[in-house]
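Residue-level structural notes
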Amino acid sequence: MLARTPFGDALEEIASGTLSSGSGKAAASALALGIACLRKAVAVSARHAPEDARLDEAEARLCALQDSALTSAQADAIGFPRLVRAQPEDEKAQAADDLAALADRFTWLCAQVMAEAERLAPMIQANMANDILAARRLADAACAIMEANGAENAGNTADGA
């Protein structure tokens, strides 16, 4: 699982020539890094405004979003080899459908992260602006990657064949 994998090992797995998730894992990693930047901005801001319960609530939401991003990486790591190895056309179509649905859920998750960044921006300390920027850019990149993956996989379904 990506959450327990040393970063260098995750990079090497993505870069390898083995049958493993590449862009899907990269998208999930980017989104998780973006969420970590938001969590950093919240943590620093909370030190300056310990009475602001909105920051504690945001931390809880961000932790849940980060868990979902990492779960998506795991689902992609299982789904991609399943798609490539599927032999009967109906199994291949089902694997493609599953990955397309994963991409849809992931893009929704990216939208939630972007909404969280917007909601938090006015509460965050000014010196944390680049962490908000990083979160937005990473979420946007992750979304673009998974939208492309979803479109490609939708083309591998029985309907798209």
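Use the structure listed above.
Below or above, wherever it landed, is the structure these notes cover.

Quick notes on the overall build of the protein chain
In terms of helices and strands, the protein chain carries five helices and zero strands. Ordered by position from the N terminus, the helices and strands of the protein chain form the series α-α-α-α-α. Projected onto its principal axes, the C-alpha coordinates of the protein chain cover approximately 60 × 30 × 20 Å. Sorting the 161 residues of the protein chain into buried and exposed places 41% on the buried side. For the protein chain, restricting intrachain contacts to residue pairs at least 6 apart in sequence, the fraction spanning at least 24 positions comes to 77%. Entry remark: accessible area of the protein chain is about 8,500 Å², with carbon and sulfur atoms responsible for 54%. Averaging the coordinates of the 14 positive side-chain charges in the protein chain and doing the same for the 23 negative ones gives two points 6 Å apart.

Points about the pattern of salt bridges
Close approach of charged atoms allows side chains of opposite charge to pair. With the rule as written, the count across this model stands at seven salt bridges. Between Lys25 and Glu13 there is a salt bridge, and its shortest N-O distance comes to 3.0 Å. Here Lys25 is found in helix α2 (residues 23-48), whereas its partner Glu13 is found in helix α1 (residues 7-15), with twelve residues between them in sequence. The class of Lys25 is buried, set by a relative accessible area of 6%. Salt-bridge contacts for Arg136 lead to Glu118; the nearest nitrogen and oxygen are separated by 2.9 Å. Here the residue Arg136 occupies a position in helix α5 (residues 129-154), and Glu118 occupies one in helix α4 (residues 89-120), the gap between them amounting to 18 residues.

Topic: the packing of α2 against α5
The interhelical angle for the contact between α2 and α5, taken along N-to-C directions, is 160°, at an axis separation of 8 Å. With respect to each other, α2 and α5 are oriented roughly antiparallel. Between α2 and α5 lies a crossing whose hand is left-handed. Across the interface between the two elements, Ser23, Gly24, Ala27, Ala30, Leu31, Leu33, Gly34, Cys37, Leu38, Lys40 and Ala41 from α2 touch Asp131, Ile132, Ala134, Ala135, Leu138, Ala139, Ala142, Ile145, Met146 and Asn149 from α5. Here the residues of the contact of α2 with α5 are counted per class, giving 15 nonpolar, four polar and two charged.

Rules used throughout
Residues numbered from 1 in each chain as written. Predicted model: local features only at pLDDT ≥ 70, side-chain atom pairs only at ≥ 80, totals over all residues. Heavy atoms only, no water. Helix = DSSP H or I, 4+ residues; strand = E, 2+ residues; numbered from the N terminus. Buried < 20%, exposed > 50% of the residue type's maximum accessible area, 1.4 Å probe, protein only. Contact = heavy atoms within 4.5 Å. Areas by Shrake-Rupley, 256 points an atom, 1.4 Å probe, with all protein chains shown as cover. Lys, Arg positive; Asp, Glu negative; His and termini not counted. Charge placed at Lys NZ, Arg CZ, Asp CG, Glu CD. Salt bridge = Lys/Arg side-chain N within 4 Å of Asp/Glu carboxyl O. Axes fitted to C-alpha atoms, helices over the stretch in contact; angles between N-to-C directions. Parallel < 35°, antiparallel > 145°, perpendicular 65-115°, else oblique. Left-handed = near helix turned anticlockwise from the far one by under 90°. Nonpolar A, V, L, I, M, F, W, Y, C, P; charged D, E, K, R; others polar.

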